[in-house]
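# Reading the structure
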Amino acid sequence: AREVTVFVRRHPGAVVLSSTPPHSTQIGVRLARARVRFGWVADFRDPWTAPLRIPKGRINLAAQRALERWILFACDRVVANTIGNRGALLAAFPHLDPARVRVVPNAFDTETMPAAAAADDPGLACDIAYFGEIYPGMLDVYFDALRVLVARDRESAPRLHVFGLVDPADACRVAQSGLGSHILFKGVVSYPRSLALMRSARSLLLLLPDGESMATCIPSKLYPYLFSGRPVLAIVPPGDAARVVSETGAGEVVSPGDPAATAARIRAFVERVRRGELSGSGNARARYAMERVADEVHAILEEAARV
C-alpha cells in the first residue's frame with residue numbers, strides 16, 4: 001500500500017492496474033486508495049470467490065467474499081478473463097454495476113512462437129499431444145474412453161504423448177491397465193520446445209475435469225494451441241473453454257459423459273486427423289492475439305483515468 005501511495009502522489013493522474021493472483025495484491029491497492037485518490041482497474045486473471053473453485057469453510061468464505069466486495073465496489077473498473085467469470089461476479093454481487101465489469105481474455109504473444117519441430121521428431125510419433133500438467137482426475141474421461149477403443153481394436157486406437165508433469169497415480173494406472181503403449185508420458189520440456197512441438201503435432205488435446213466449477217475455466221495452454229495451426233480435441237465441460245474452441249474453429253469439443261459415446265467421438269476425430277481433413281484455428285488472431293488484448297486493456301485504463 002505504501003509503495004502505491006508514494007507512486008500516485010509522485011505521478012498525478014496515474015491509473016493503477018492491479019492483477020491477481022495473489023488476491024492480496026488487490027488489498028494493498030485498496031488500502032492505498034483509502035489514502036489518496038487515483039484511477040484504479042482491478043484485474044482478476046483467476047477468480048477469488050466467484051465462481052468458487054476451491055472449497056472453503058463458511059467463515060473463511062464469508063471473510064474472503066467481504067474482502068472481494070470491498071475491492072469490487074471501490075475500484076473504477078473490474079476486468080474478468082472469461083465471459084463466465086464476469087457472469088459469476090455479477091451473480092455473486094448483484095449490486096455491482098455491469099457497465100463497470102469488462103471481459104479481457106488471456107491471449108498469446110505471437111512473437112514468441114518458434115519454428116515448428118522437425119516432422120520426424122520422435123516426440124511427434126503420436127496421434128495426439130498434450131502439453132502441461134495433468135492434475136489428479138483430469139485424465140479420467142480420456143482414459144476410460146481409450147480403454148473402450150483399445151478393447152475394440154488395439155492397433156487403430158490413438159496414441160497420446162503427454163509433455164509435462166503427471167500425477168504418479170495416473171502413471172501407475174496407465175501402466176497397470178496395459179495402456180502404456182497408447183499413453184506415453186514424455187516428461188517436462190522447455191516452453192520453446194513445447195511450442196515447436198505444438199506446431200508440428202498431428203493434433204492437440206485439451207482436458208478439463210467435469211463439474212460446474214470448471215465451466216468458466218480456460219486452460220492457459222489453449223491460447224498457444226489456437227496459434228499453432230493444429231486441430232484441437234477439447235474434452236471439456238460446457239462453458240468458456242468449449243465456446244472458445246467452437247467459435248475459433250480450432251477443433252472438436254467433446255463433453256465428458258458416457259465412455260462409449262466419448263470413445264466414438266475421439267475415434268471419429270482421430271480418423272479425420274489421420275486423413276488430413278482437419279486444420280487448426282483460422283481466426284484466433286482477431287480475438288486472442290496479445291496486441292489485440294493490450295489495446296483493450298489500454299482503453300479500459302483510459303476510461304478509469306476519466307472517472
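The sections below set out a description of the structure shown in this document. (Residues numbered from 1 in each chain as written. Predicted model: local features only at pLDDT ≥ 70, side-chain atom pairs only at ≥ 80, totals over all residues. Heavy atoms only, no water.)

Moving residue by residue along a regular strand, the side chains alternate between the two faces of the sheet. Neither face of strand 9 (residues 232-235) is left uncovered, since the one carrying Val232 and Ala234 and the one carrying Leu233 and Ile235 both have all their residues buried. Here strand 8 (residues 204-207) runs beside strand 9; their pairing, made up of 4 bridges, is parallel. For Leu204, the partnering residue across the bridge sits in strand 9 and is Val232. As a crossover connection, the stretch from strand 8 through helix 8 (residues 222-228) into strand 9 is right-handed. Note that strand 9 and strand 10 (residues 251-254) share 4 bridges and pair parallel. By the bridge assignment for strand 10, Ala234 is matched with Val253. Regarding topology, helix 9 (residues 240-248) serves as the crossover connection from strand 9 to the parallel strand 10, and that connection is right-handed. (Buried < 20%, exposed > 50% of the residue type's maximum accessible area, 1.4 Å probe, protein only. Helix = DSSP H or I, 4+ residues; strand = E, 2+ residues; numbered from the N terminus. Pairing = 2+ DSSP bridges. Right-handed = clockwise from strand over helix to strand, strands pointing away.)

A few words on empty space enclosed by the protein. One pass over the full model with this rule turns up 1 cavity of 30 Å³ or more. Roughly 40 Å³ of volume is contained in the largest cavity. Phe44, Asp46, Pro47, Trp48, Ala50, Glu68, Ala80, Asn81, Asn85 and Leu89 together form the lining of the largest cavity. A per-class count over the lining of the largest cavity returns 6 nonpolar, 2 polar and 2 charged. (1 Å grid on protein atoms, 1.4 Å probe; cavity = no way out; pocket = protein on both sides within 12 Å on 5 of 7 lines; lining within 4 Å. Points joined across faces, edges and corners; volume = space filled by probe spheres on them. Nonpolar A, V, L, I, M, F, W, Y, C, P; charged D, E, K, R; others polar.)

With that settled, the discussion passes to the sheet that holds strand 1 (residues 15-20). Spatial strand order, 1-2-3-4: 4 strands in an open sheet with parallel pairing. Unpaired on one side and paired on the other, strand 1 and strand 4 (101-103) mark the two borders of the sheet. Across the sheet, the mean angle from the axis of one strand to that of its neighbour is 20°, orientation sign disregarded. The pairing of strand 1 with strand 2 (residues 39-44) spans 6 bridges and is classified as parallel. Among the inter-strand pairings, Ser18 is bridged to a residue of strand 2, identified as Ala42. Those strands touched by helix 4 (residues 83-92) are strand 3 (77-80) and strand 4, and its axis lies near 165° from that of strand 4. (Axes fitted to C-alpha atoms, helices over the stretch in contact; angles between N-to-C directions. Contact = heavy atoms within 4.5 Å.)

By secondary structure assignment, the location of Asn81 is in the loop between strand 3 and helix 4. Residue Asn81 is classed as buried on the basis of its relative accessible area of 7%. Within the structure, the side chain of Asn81 is placed 2.6 Å from the backbone oxygen of Arg45, a separation counted as a polar contact. Side-chain polar atoms of Asn81 contact the side chain of Asn85, separated by 2.8 Å. Other than its neighbours up to four places away in sequence, Asn81 contacts Phe44, Arg45, Val103, Val104, Pro105 and Asn106. (Polar contact = N/O pair within 3.5 Å; in protein donor to acceptor, adjacent residues only side chain to side chain.)

Structurally, the position occupied by Leu17 is in strand 1. A C-alpha to C-alpha distance of 15 Å links Leu17 and Val6, two positions 11 residues apart in sequence. In contact with Leu17, other than residues within four places in its own chain, are Val41, Asp43, Val297 and Leu301.

Evaluated as defined, the whole model comprises 3 aromatic pairs. Taken together, a centroid distance of 5.7 Å and an interplanar angle of 50° make the contact between Tyr223 and Tyr288 tilted. Placement of the pair is Tyr223 in helix 8 and Tyr288 in helix 11 (residues 285-288), with a sequence separation of 65 residues. Here the two residues Tyr223 and Tyr288 agree in accessibility, since each one is buried. (Phe/Tyr/Trp six-rings, centres within 6.5 Å; stacked < 30°, edge-to-face > 60°.)

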